[in-house]
Amino acid sequence: MARTKRCPFGIVVLAILQVVNSIQLFVSGLWCWAVSSVADTPDVRDALASSPAWLVDNLAGILFVLGLIYVILAVLAILFARGYVRGQEWARHKGRVLAALLVVYGALGVFILPPSLDPVSPFWTFLMNLVVFFYLGRESVKSYFR
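Because the structure is predicted, anything quoted here is derived from the model rather than measured. Positions within a chain are numbered from 1, following the residues in the order the chain's sequence is written. Residues qualify for local features only when their pLDDT is at least 70, as the model is predicted, and side-chain atom pairs are given and counted only at 80 or more; totals for whole chains, interfaces and linings, by contrast, use all residues. As a rule here, side-chain values cover all heavy atoms of the structure and leave hydrogens and water aside.

**What about the overall build of the chain?**
(1) Moving on: Strands are runs of DSSP state E lasting at least two residues, helices are runs of H or I lasting at least four, and both sets are numbered from the N terminus onward. Looking only at helices and strands, the chain features six helices and zero strands.
(2) Moving on: Along the chain, from the amino end to the carboxyl end, the secondary structure elements read α-α-α-α-α-α.
(3) Moving on: Taken along its principal axes, the extent of the C-alpha atoms in the chain is 65 × 35 × 20 Å.
(4) Moving on: Note on classification: 1.4 Å probe, protein chains only; a residue is buried when its accessible area is under 20% of the maximum for its type, exposed when over 50%, partly exposed between these limits. With 146 residues in all, the chain has 29% of them scored as buried.
(5) Moving on: Long-range pairs, those at least 24 residues apart, make up 67% of the contacts in the chain with a sequence separation of at least 6.
(6) Moving on: Separation between the mean location of the 12 positive side-chain charges and that of the 7 negative ones in the chain comes to 28 Å. Here, two residues are considered to be in contact whenever any of their heavy atoms come within 4.5 Å of each other. The charged-residue count follows a simple rule in which Lys and Arg add positive charge and Asp and Glu add negative charge, with His and chain termini not counted at all. Charged groups are reduced to one reference atom each: NZ for lysine, CZ for arginine, CG for aspartic acid, CD for glutamic acid.

**Some details on a nonpolar patch on the surface**
(1) Moving on: Patch building starts from residues that exceed 30% relative accessible area and form no salt bridge, then joins like charges within 9 Å and nonpolar side chains (Val, Leu, Ile, Met, Phe, Trp, Tyr) within 5 Å. Every accessible area reported is derived by Shrake-Rupley at a probe size of 1.4 Å, with residue values counting cover from the shown protein chains alone. Only one rule defines a salt bridge in this text: a Lys or Arg side-chain nitrogen within 4 Å of an Asp or Glu carboxyl oxygen. A grouping of F64, V65, L66, L68, I69, I72, V75, L76, L79 and W90 is seen on the molecular surface, where their side chains present a nonpolar patch of about 850 Å² in accessible area.
(2) Moving on: Among the elements that make up the nonpolar patch, the one with the highest residue count is helix 3 (residues 53–86) (nine residues).
(3) Moving on: Topologically, I72 is positioned in helix 3.
(4) Moving on: Taking relative accessible area as the criterion, I72 reaches 48% and is therefore assigned partly exposed.

**Considering the packing of helix 1 (residues 9–37) against helix 3**
(1) Moving on: To get an axis, a line is fitted to the C-alpha atoms, and for a helix only the part in contact is used. The angle between two axes follows their N-to-C directions and goes from 0 to 180 degrees. It is at 7 Å that the axes of helix 1 and helix 3 come closest, and there the two elements cross at 165°. Relative to helix 3, helix 1 is oriented roughly antiparallel. As helix 1 packs across helix 3, the resulting crossing turns out to be left-handed.
(2) Moving on: Each residue belonging to the contact of helix 1 with helix 3 can be placed in one class, and the counts come to 24 nonpolar, seven polar and no charged. For classification, angles of less than 35 degrees are called roughly parallel, those exceeding 145 degrees roughly antiparallel, those between 65 and 115 degrees roughly perpendicular, and all remaining angles oblique. Here a crossing is taken to be left-handed if its near helix is turned anticlockwise relative to the far helix by less than a right angle, and right-handed if that turn runs clockwise. Residues are grouped as follows: nonpolar covers Ala, Val, Leu, Ile, Met, Phe, Trp, Tyr, Cys and Pro; charged covers Asp, Glu, Lys and Arg; every other residue, Gly included, is treated as polar.

**Description of the layout of surface pockets**
(1) Moving on: Looking at the largest pocket, its volume works out to about 1200 Å³.
(2) Moving on: The definitions used throughout rest on a 1 Å grid laid over the protein atoms alone, on which a cavity is an enclosed set of points accommodating a 1.4 Å probe that cannot get out and a pocket is an open set flanked by protein within 12 Å on both sides along at least five of seven lines; lining residues are those having an atom within 4 Å of a point. N21, Q24, L102, T125 and N129 are, among the 32 residues lining the largest pocket, the residues nearest its centre.
(3) Moving on: Listed by contribution, the elements that provide at least two residues to the lining of the largest pocket are helix 1, helix 3, helix 4 (89–112) and helix 5 (122–136).
(4) Moving on: Here the element with the most residues in the lining of the largest pocket is helix 1; it accounts for 10 residues.
(5) Moving on: A per-class count over the lining of the largest pocket returns 24 nonpolar, eight polar and no charged. Grid points are joined across faces, edges and corners, and a volume is the space filled by probe spheres set on the points.

Rendered as structure tokens:
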């Protein structure tokens with residue numbers, strides 16, 4: 001009988017966070033699509049009167065593409081969660097690459113946007129993905145994925 005490896009508690013927590021993240025990303029994608037369907041109405045155009053003209057003219061397309069990206073990321077998050085629990089090395093490697101990219105994204109946001117610590121602040125993206133990056137690089141975690 002083949003011996004199965006036991007999934008560490010940290011990996012289970014990481015997988016659960018990925019599932020929660022997937023739900024959030026999917027809902028964000030649906031929201032983008034919903035708003036893109038009404039982006040050309042006079043009410044929305046009036047609400048965005050102070051925005052640049054190119055943004056107002058292209059808002060429906062921009063939100064549609066953003067919604068598509070969010071849904072794709074939601075599917076990837078589910079696949080990562082499944083790969084984490086199953087101990088698949090591709091999930092650890094790609095999860096680490098994505099976390100590194102999001103650390104850079106969060107750092108740029110921290111320096112560009114006004115400082116804040118509210119729940120949507122890029123600081124949290126930076127911090128959480130820095131933790132994920134280093135956690136997935138630990139030797140004990142690597143040995144689980146081998």
